[in-house]
Amino acid sequence: MKRIIIASFAAAALVGGGTAFAVASDGTDSARPSSTATQATDAPAARASLSDAAHGALKAVPGTLDSIDRDHGRWEADVLGKDGKWHEVTLDANGKVIGRHVDRDTDPEDAAEAKALRNADVSAIEAARKAAPQSTVTSVEFEGDHSPVWEVEAVKNHKERDLTVDAHSGKVTQTPADDDHGDDDSDDD
């Protein structure tokens, strides 16, 4: 009896060990995680895929997804709601909404980004699929300052890759590696 319990516990630990699923699609935005799984090295893995978390955020706040990021096993999404306001939605590792609030007031810069986001031909989920079809996508963010693009972070074979996806053409390009290793302060003394 003890062997069965221990074996069951070990199997549960292996199965529930925190695997992040790669984004997979049948061409619709109702994609489910693929059976191909990779494990991220930078944070506890979420059980919900980016696609599942994005759909959960958009169900909570109908509108257009501006960004989604996995942080410490949770998903954090920014949504431009149909009400014209920016909303922040937090989802647990399983994609269940655990928090939601209006994120920021609309100012001229936000209005310009909102217009560019609404005019994008490629959605956040489509950008993730195009950028990293065989990887675990951990972050997608819209940047509409000059030439609108989606910035995508993905992990494949324990290596993080930064990619950009043109918000109109869908063209994917590799982003040059940061040489400051995440240090945003550049002091040239």
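Keep in mind that what you see is a predicted model, and the values were worked out from it rather than measured. (Residues numbered from 1 in each chain as written. Predicted model: local features only at pLDDT ≥ 70, side-chain atom pairs only at ≥ 80, totals over all residues. Heavy atoms only, no water.)

## A word on the overall build of the protein
A tally of helices and strands in the protein yields four helices and 10 strands. Start at the N end of the protein and walk to the C end: the helices and strands fall as α-β-β-α-β-β-β-β-α-α-β-β-β-β. Buried residues in the protein amount to 40% of all 189 residues. Residue pairs in contact within the protein that sit at least 24 positions apart in sequence constitute 45% of those at least 6 positions apart. Of the roughly 11200 Å² that the protein leaves accessible, carbon and sulfur atoms contribute 48%. (Helix = DSSP H or I, 4+ residues; strand = E, 2+ residues; numbered from the N terminus. Buried < 20%, exposed > 50% of the residue type's maximum accessible area, 1.4 Å probe, protein only. Contact = heavy atoms within 4.5 Å. Areas by Shrake-Rupley, 256 points an atom, 1.4 Å probe, with all protein chains shown as cover.)

## Here's the deal with the nonpolar core
I68, V137, V140, W150 and V152 are the most contacted members of the largest nonpolar core, which has 36 residues in total. Residues in contact with V152, not counting those within four places in the same chain, are A127, A131, V137, S139, V140, R161, D162, L163 and V165. (Core = buried A, V, L, I, M, F, W, Y, C linked by side-chain atoms within 4.5 Å.)

## A word on the packing of aromatic side chains
Evaluated as defined, the whole model comprises one aromatic pair. Look at F142 and W150: their rings are 5.0 Å apart centre to centre, the planes differ by 65°, and that puts the pair in the edge-to-face class. You can call F142 buried: its relative accessible area is 1%. (Phe/Tyr/Trp six-rings, centres within 6.5 Å; stacked < 30°, edge-to-face > 60°.)

## Let's talk about helix α2 (residues 50–60)
Three- or four-residue spacings in an α-helix give side chains the same orientation, since the helix completes a turn every 3.6 residues. Among the 11 residues of α2, eight are classified as buried, and the element is accordingly described as predominantly covered. The complete set of buried residues in α2 reads L50, S51, D52, A53, A54, G56, A57 and A60.

## Description of the side chain of T164
With respect to the helices and strands, the residue T164 is situated in strand β9 (residues 159–166). In this structure, T164 is in contact with W150, E151, K171, V172, T173 and T175, ignoring residues within four places of it in sequence.

## Things to note about the environment of H72
Topologically, H72 is positioned in the loop between β3 (63–71) and β4 (74–81). Here the alpha-carbon distance between H72 and D92, two residues 20 residues apart in the chain, equals 9.7 Å. Within the structure, the side chain of H72 is placed 3.4 Å from the side chain of D71, a separation counted as a polar contact. (Polar contact = N/O pair within 3.5 Å; in protein donor to acceptor, adjacent residues only side chain to side chain.)

## Some thoughts on the packing of α2 against helix α4 (residues 124–131)
Between α2 and α4, whose axes approach to 10 Å, the crossing angle comes to 175°. Of the possible angle classes, the one that applies to α2 and α4 is roughly antiparallel. Facing L50, S51, A54 and H55 of α2, the residues of α4 in contact are I125, A128 and R129. Broken down by class, the residue content of the contact of α2 with α4 amounts to four nonpolar, two polar and one charged. (Axes fitted to C-alpha atoms, helices over the stretch in contact; angles between N-to-C directions. Parallel < 35°, antiparallel > 145°, perpendicular 65-115°, else oblique. Nonpolar A, V, L, I, M, F, W, Y, C, P; charged D, E, K, R; others polar.)

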